[in-house]
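As a plain string of letters, each chain reads:
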Amino acid sequence: MTSSSSPSQDTKRLAHAYPEGLRADALMEEDVAWSHEIDGDRDGDQFDRSERAALRRVVGLSTELEDVTEVEYRQLRLERVVLVGVWTTGTAQDADNSLAELAALAETAGALVLDGVIQRRDKPDAATYIGSGKAAELRDIVIETGADTVICDGELSPGQLIQLEDVVKVKVIDRTALILDIFAQHAKSREGKAQVALAQMQYMLPRLRGWGQSLSRQMGGGRGGLATRGPGETKIETDRRRIREKMAKMRREIAEMKTGREIKRQERRRNKVPSVAIAGYTNAGKSSLLNRLTGAGVLVENALFATLDPTVRRAETPSGRLYTLTDTVGFVRHLPHHLVEAFRSTMEEVGDSDLILHVVDGSHPNPEEQLAAVREVIRDVGATDVPEIVVVNKADAADPLVLQRLLRVEKRSIAVSARTGQGIEELLGLIDDELPRPSVEIEALVPYTHGKLVARAHTEGEVISEEHTAEGTLLKVRVHEELAADLAPYVPVSAA
């Protein structure tokens with residue numbers, strides 16, 4: 001166990017008296033200006049005092065590679081990073097889980113995690129995020145590990161970024177910038193790249209900095225002469241203006257792409273094809289589930305945000321009804337609002353669907369937190385009225401007690417494993433039951449010369465019975481109103 005500062009002699013002398021098991025293993029053995037022997041009986045357990053004084057290390061986060069071939073395999077220049085978080089609410093385990101997720105994000109972005117520390121505070125420091133004293137201790141950790149970047153588990157203000165960098169003397173980024181970097185690496189389609197670029201410019205606009213000439217005035221707007229008519233604008237103001245112009249252009253391009261996707265969506269609505277959206281936390285197995293249900297062949301990788309571009313595939317229920325399955329972008333806790341805004345057109349696929357398959361990782365330490373984070377984003381895009389089925393994935397690797405708890409709490413839920421196929425047949429049956437059914441039940445004798453109507457009844461409706469007679473095909477089907485009107489001339493007189 002590592003300590004960010006040396007404990008006092010009194011603490012060392014009394015270490016044998018400190019009760020075991022009262023703190024998490026990752027907490028620091030540091031207790032300043034408080035004696036367990038003297039003050040324990042008077043004040044009771046004072047863990048909160050030492051937690052606030054400690055910048056504690058979180059063990060087990062290092063991803064440093066020893067084999068040079070593994071480094072070459074990654075084909076990336078691995079930045080050496082130290083993670084730092086501020087624990088304001090919840091338990092120590094919640095704080096550790098949050099930093100462990102940040103470590104997974106950093107590794108996905110191509111960084112080498114050397115160390116991770118957490119400080120207990122009521123709220124982040126307005127100046128340096130963790131306070132000036134702890135920032136100096138963080139600087140010592142950076143020197144000790146040889147790190148070249150510090151990643152903070154939260155969104156830092158421009159002032160916090162500047163002042164923390166002044167103390168630690170290396171590059172500082174926050175959780176938002178890290179997620180944006182991952183999105184920039186993984187975006188493949190034209191629309192995905194445009195959405196990420198817009199989000200990055202929204203993030204960078206208030207954080208532009210300049211030194212020396214970058215802050216100097218440009219020449220005024222006079223024609224000829226000494227060009228002294230007006231003070232002009234600084235270089236940084238020019239940069240901001242150009243970024244705003246690029247953002248306006250990017251929004252226009254995204255709006256045009258949105259029109260194309262809306263036309264396709266309207267075509268599906270016109271043909272009355274129900275749609276199912278797969279939503280969920282990143283790395284919960286959405287793409288694996290899509291591949292298992294439709295054979296889509298989408299990239300599957302054990303990494304956060306491995307796939308960003310939405311994929312739409314046709315599928316068929318056990319009863320023969322056609323529907324579409326859409327794989328959407330993964331969500332994460334504290335998803336940057338820049339991304340929510342930029343990807344709003346993509347996330348509208350969730351709001352326009354007839355059913356949401358909410359995929360959650362059953363093997364995750366805290367799946368309930370994943371469910372809450374995804375539902376928050378679903379609420380932001382206005383999809384709260386869409387029916388939802390909670391699909392607990394990775395059931396083969398999950399704790400049985402966790403599965404039982406989730407299935408008991410979530411009334412409309414099912415446990416599956418996209419890897420082994422466990423529960424997939426039951427899920428298909430559940431989708432069939434939950435998809436909206438055509439509203440009109442009709443019986444029609446369709447002549448053989450009108451075979452297209454029979455084909456439409458199979459693709460757009462639900463065929464209850466079908467019989468081939470001498471006069472034509474006798475259908476008993478449940479269809480929507482438009483197709484019912486087309487079939488009405490062929491309803492037998494007895495049925496009418």
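The paragraphs below set out a description of the structure included in this document. The numbering scheme is per chain: residues are counted from 1 as the chain's sequence reads. In view of the model being predicted, local features appear only for residues whose pLDDT reaches at least 70, and side-chain atom pairs are presented and counted only at 80 or more, with totals across whole chains, interfaces and linings using the full set of residues. Hydrogens and water molecules were not included; the side-chain quantities draw on all heavy atoms of the structure.

Turning to helix α17 (residues 451–460), a few remarks are in order. What α17 keeps buried is the set Leu453, Val454, Ala457 and Glu460. Buried residues of α17, viewed axially, fall in a sector of 150°; they line one side. Contacts between residues were defined by any pair of non-hydrogen atoms, one from each residue, lying within 4.5 Å. Going along the chain from the N terminus, every DSSP run of H or I of four or more residues is numbered as a helix, and every run of E of two or more is numbered as a strand. Looking at the buried side of α17, the elements it contacts are β12 (440–446), β13 (462–468), β14 (473–479) and α18 (481–487). Think of it in three bands: with a 1.4 Å probe and only protein chains considered, a residue is buried below 20% of the maximum accessible area for its type, exposed above 50%, and partly exposed in between. Relevant arc is that of directions from the helix axis to the C-beta atoms, nothing else.

Our next topic: the packing of aromatic side chains. Pairing of aromatic side chains here covers Phe, Tyr and the six-membered ring of Trp, requires ring centres within 6.5 Å, and sorts the geometry by plane angle: under 30 degrees stacked, over 60 edge-to-face, intermediate tilted. By the definition in use, this model includes 0 aromatic pairs. Put simply, a charge is over a ring when the Lys NZ or the Arg CZ is close to the ring centre, within 6 Å, and near the line of the ring normal, within 35 degrees. Above the face of the Trp87 ring, Arg120 is positioned so that its terminal group lies 4.6 Å from the ring centre.

Take the pattern of salt bridges next. Salt bridges are counted wherever a side-chain nitrogen of Lys or Arg sits within 4 Å of a carboxyl oxygen of Asp or Glu. For the structure shown, the criterion picks out 16 salt bridges. In this structure, the salt-bridge partner of Glu79 is Lys171, at a minimum N-O distance of 3.2 Å. One end of the pair, Glu79, is in strand β2 (residues 79–87); the other, Lys171, is in strand β5 (residues 171–174), and 92 residues separate them in sequence. Across the pair Glu137 and Lys134 runs a salt bridge whose closest N-O atoms are separated by 3.0 Å. Taken together, the residues span about one helical turn, with Glu137 and Lys134 both in helix α6 (residues 132–145) at a distance of 3 residues. A single burial state applies to Glu137 and to Lys134, both of which are buried. Overlapping salt bridges bring together Glu101, Asp153 and Arg175 as one network.

Looking now at the sheet that holds β2. One requirement defines pairing of two strands: DSSP has to find at least two bridges between them. With mixed pairing, the 5 strands of this open sheet are ordered in space as β1-β3-β2-β4-β5. Two strands in the sheet have a free side with no partner beyond their single neighbour: β1 (55–57) and β5. Direction aside, the axes of adjacent strands within the sheet are offset by 30° on average. The axes used here are C-alpha line fits, helices contributing only the stretch in contact, and every angle between their N-to-C directions lies in the interval 0 to 180 degrees.

Attention shifts here to the sheet that holds strand β9 (residues 355–361). If you trace the 6 strands from one edge of the open sheet to the other, you get β7-β8-β6-β9-β10-β11, paired in mixed fashion. Both edges of this open sheet fall to β7 (311–316) and β11 (413–415), since each of them pairs with a single strand only. Between one strand axis and the next, the sheet turns through 25° on average, direction left out of account. On top of the sheet, helix α14 (residues 367–380) reaches β6 (275–280), β9 and β10 (388–393); it is set at about 145° to β9, its chief contact.

Below, the discussion takes up the nonpolar core. In this structure, Leu83, Val150, Leu325, Phe331, Leu357, Val391 and Leu427 are the most contacted members of the largest nonpolar core, which totals 90 residues. A total of 7 residues in this core trace back to one element, the largest contributor, which is helix α5 (residues 92–108). Each of two domains, domain 1 (80–186) and domain 2 (273–434), supplies a minimum of three residues to this core. Those residues in contact with Val391 that sit more than four places away from it in its chain are Leu289, Leu357, His358, Val359, Val360, Ile414, Val416 and Leu427. Note on terminology: a nonpolar core comprises buried Ala, Val, Leu, Ile, Met, Phe, Trp, Tyr and Cys residues joined through side-chain atoms within 4.5 Å. If you look at the next biggest cluster of nonpolar residues, it comprises 12 residues, including Ile442, Ala444, Val454 and Ala457. Domain borders in the structure are assigned automatically or taken from a domain database.

The next point concerns the environment of Pro206. In this structure, Pro206 sits in the loop between α9 (190–204) and α10 (235–270). Taking relative accessible area as the criterion, Pro206 reaches 47% and is therefore assigned partly exposed. Sequence separation between Pro206 and Arg240 is 34 residues; the distance between their C-alpha atoms is 8.5 Å.

Another point: the pairing of β6. Judged by how many residues are buried, β6 sits mostly within the fold: 6 of 6 residues are covered. Residue alternation in β6 divides its side chains into two sets, Ser275, Ala277 and Ala279 and Val276, Ile278 and Gly280, and both sets are buried. Sheet topology places β6 next to strand β8 (residues 322–327); 4 bridges connect them, and they run parallel. Bridge assignment links Ser275 to a residue of β8, and that residue is Thr324. Bridge count for β6 against β9 is 5 bridges, and the pairing is parallel. Within β9, the position partnered with Val276 by the bridge is Leu355.

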